[in-house]
Amino acid sequence: MLFIVSVAVLLASVQAKFYTDCGSKLATVQSVGVSNCAETARDCILKRNTNVTISLEFTPKEDVSSLTTDVHGIIMNLPVPFPLPQPDACKGNGLTCPLKAGQKESYEATLQVLKSYPKVNVDVKWELKNENDDDLVCVLIRAKLQ
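Residue indices begin from 1 for each chain and proceed along its sequence in written order. Per-residue local features are limited, in this predicted model, to residues with pLDDT of at least 70; the limit for side-chain atom pairs, both in listing and counting, is 80 or more; totals at the level of whole chains, interfaces and linings are taken over all residues. Side-chain metrics rest on all non-hydrogen atoms present in the structure, leaving aside hydrogens and water.

1. A short note on the packing of aromatic side chains
The following threshold applies: Pairing of aromatic side chains here covers Phe, Tyr and the six-membered ring of Trp, requires ring centres within 6.5 Å, and sorts the geometry by plane angle: under 30 degrees stacked, over 60 edge-to-face, intermediate tilted. Strands here are runs of E lasting at least two residues and helices are runs of H or I lasting at least four, both read from the DSSP assignment and numbered beginning at the N terminus. For every residue, the accessible area (1.4 Å probe, protein chains only) is compared with the maximum for its type, and the residue is labelled buried under 20%, exposed over 50%, or partly exposed between those bounds.
As enumerated under the stated definition, the model contains three aromatic pairs in all. With 6.1 Å between their ring centres and 75° between their planes, Phe 82 and Tyr 117 make a pair best called edge-to-face. Residue Phe 82 is located in the loop between strand E6 (78-81) and strand E7 (105-113), and its partner Tyr 117 is located in the loop between E7 and strand E8 (121-130); the two are separated by 35 residues in the primary sequence. For the ring pair Tyr 107 and Trp 126, a centre distance of 6.5 Å and an interplane angle of 65° mean the geometry is edge-to-face. Pair noted here: Tyr 107 is in strand E7 and Trp 126 is in strand E8, with a separation of 19 residues, a long-range link. This pair shows no difference in class: Tyr 107 is buried, exactly as Trp 126 is.

Written out as structure tokens, the structure reads:
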């Protein structure tokens, strides 16, 4: 019996990912990447005073004329907005709007993890929203700030 429980726990940990889909209604997410974070990691380690690159590959289910990036850090169930220097996802992030339904897209953004940020566990909610403020992509990334 102990063997079966051990194998089940091992299999669950092998399949663990550092992110979950939190409501990508209007697109199919193929992959999520965070610099220096393995896909099978439970949490991404984000070192303070460094830059981190987030990449998303997704396929829109409908045409999209514009996209905005909305990022929140969720600490103790409280969403804290993370201001980005360029919230327009179609400027400088590898996307050219309008996006066509069924065409795979690649998005990439780099942000600073400031030294002033506290050392905490945080869920990073990364959303790409269409012109109607609907979630095209929504991923929740488990992270540890160190």
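2. Some points on a negative patch on the surface
What counts is decided by this rule: Here the term patch refers to residues with relative accessible area over 30% and no salt bridge, with like charges joined within 9 Å and nonpolar side chains (Val, Leu, Ile, Met, Phe, Trp, Tyr) within 5 Å. To be clear on the numbers: accessible area is Shrake-Rupley with a 1.4 Å probe, and residue cover counts the displayed protein chains and nothing else. Whenever a carboxyl oxygen of Asp or Glu lies within 4 Å of a side-chain nitrogen of Lys or Arg, that contact is scored as a salt bridge. Positive charges come from Lys and Arg, negative ones from Asp and Glu, while His and the chain ends are left out of the count. The atom standing in for a charge is NZ when the residue is Lys, CZ when it is Arg, CG when it is Asp and CD when it is Glu.
A contiguous patch of negative charge, built from Glu 62, Asp 63, Glu 131 and Asp 134, is present on the exposed surface. With respect to the helices and strands, Asp 134 occurs in the loop between E8 and strand E9 (135-145). Assessed through its relative accessible area of 36%, Asp 134 is described here as partly exposed.

3. Observations concerning the pairing of E7
Note the threshold: At least two DSSP bridges between two strands are required for those strands to pair.
Where burial is concerned, the two faces of E7 differ: the one with Glu 105, Tyr 107, Ala 109, Leu 111 and Val 113 is buried and the one with Ser 106, Glu 108, Thr 110 and Gln 112 is not. By the bridge criterion, nine bridges tie strand E4 (residues 50-60) to E7 in an arrangement that is antiparallel. Note on E7: the bridge partner recorded for Phe 58 is Glu 105.

4. What about unusual backbone geometry?
Looking along the chain, the bond that leaves Cys 97 and enters Pro 98 is cis, with omega of 5°. Tracing the chain through its elements places Pro 98 in the loop between E6 and E7. A positive phi angle is found at Asn 36, which is not glycine, with a value near 60°. You will see that Asn 49, though not glycine, has its phi angle at about 70°, which is positive. Topologically, Asn 49 is positioned in the loop between strand E3 (44-46) and E4.

5. Some remarks on the side chain of Glu 105
Which entries qualify depends on this criterion: In what follows, residue pairs with any heavy atoms lying within 4.5 Å of each other are defined as contacts.
For Glu 105, the location among the structural elements is in strand E7. The charged side chain of Glu 105 is buried without a salt bridge, its nearest counter-charge being Lys 100 at 9.6 Å. If we ignore the near neighbours within four places in the chain, the residues touching Glu 105 are Leu 56, Glu 57, Phe 58, Pro 60, Leu 95, Leu 99 and Lys 100.

6. A closer look at the sheet that holds E7
Operational definition: Fitting a line to C-alpha atoms yields each axis, with helices limited to the stretch in contact; the angle taken between N-to-C directions then spans 0 to 180 degrees.
Across the sheet, which stays open at both edges, the three strands sit in the order E2-E4-E7 with antiparallel pairing between neighbours. Edge positions in the sheet fall to strand E2 (27-34) and E7, since each has one partner strand and no second. Recorded for the sheet is a direction-independent mean angle of 20° between the axes of neighbouring strands. Bridge analysis of E2 against E4 gives seven bridges, and the strand direction is antiparallel. For Val 32, the partnering residue across the bridge sits in E4 and is Leu 56.

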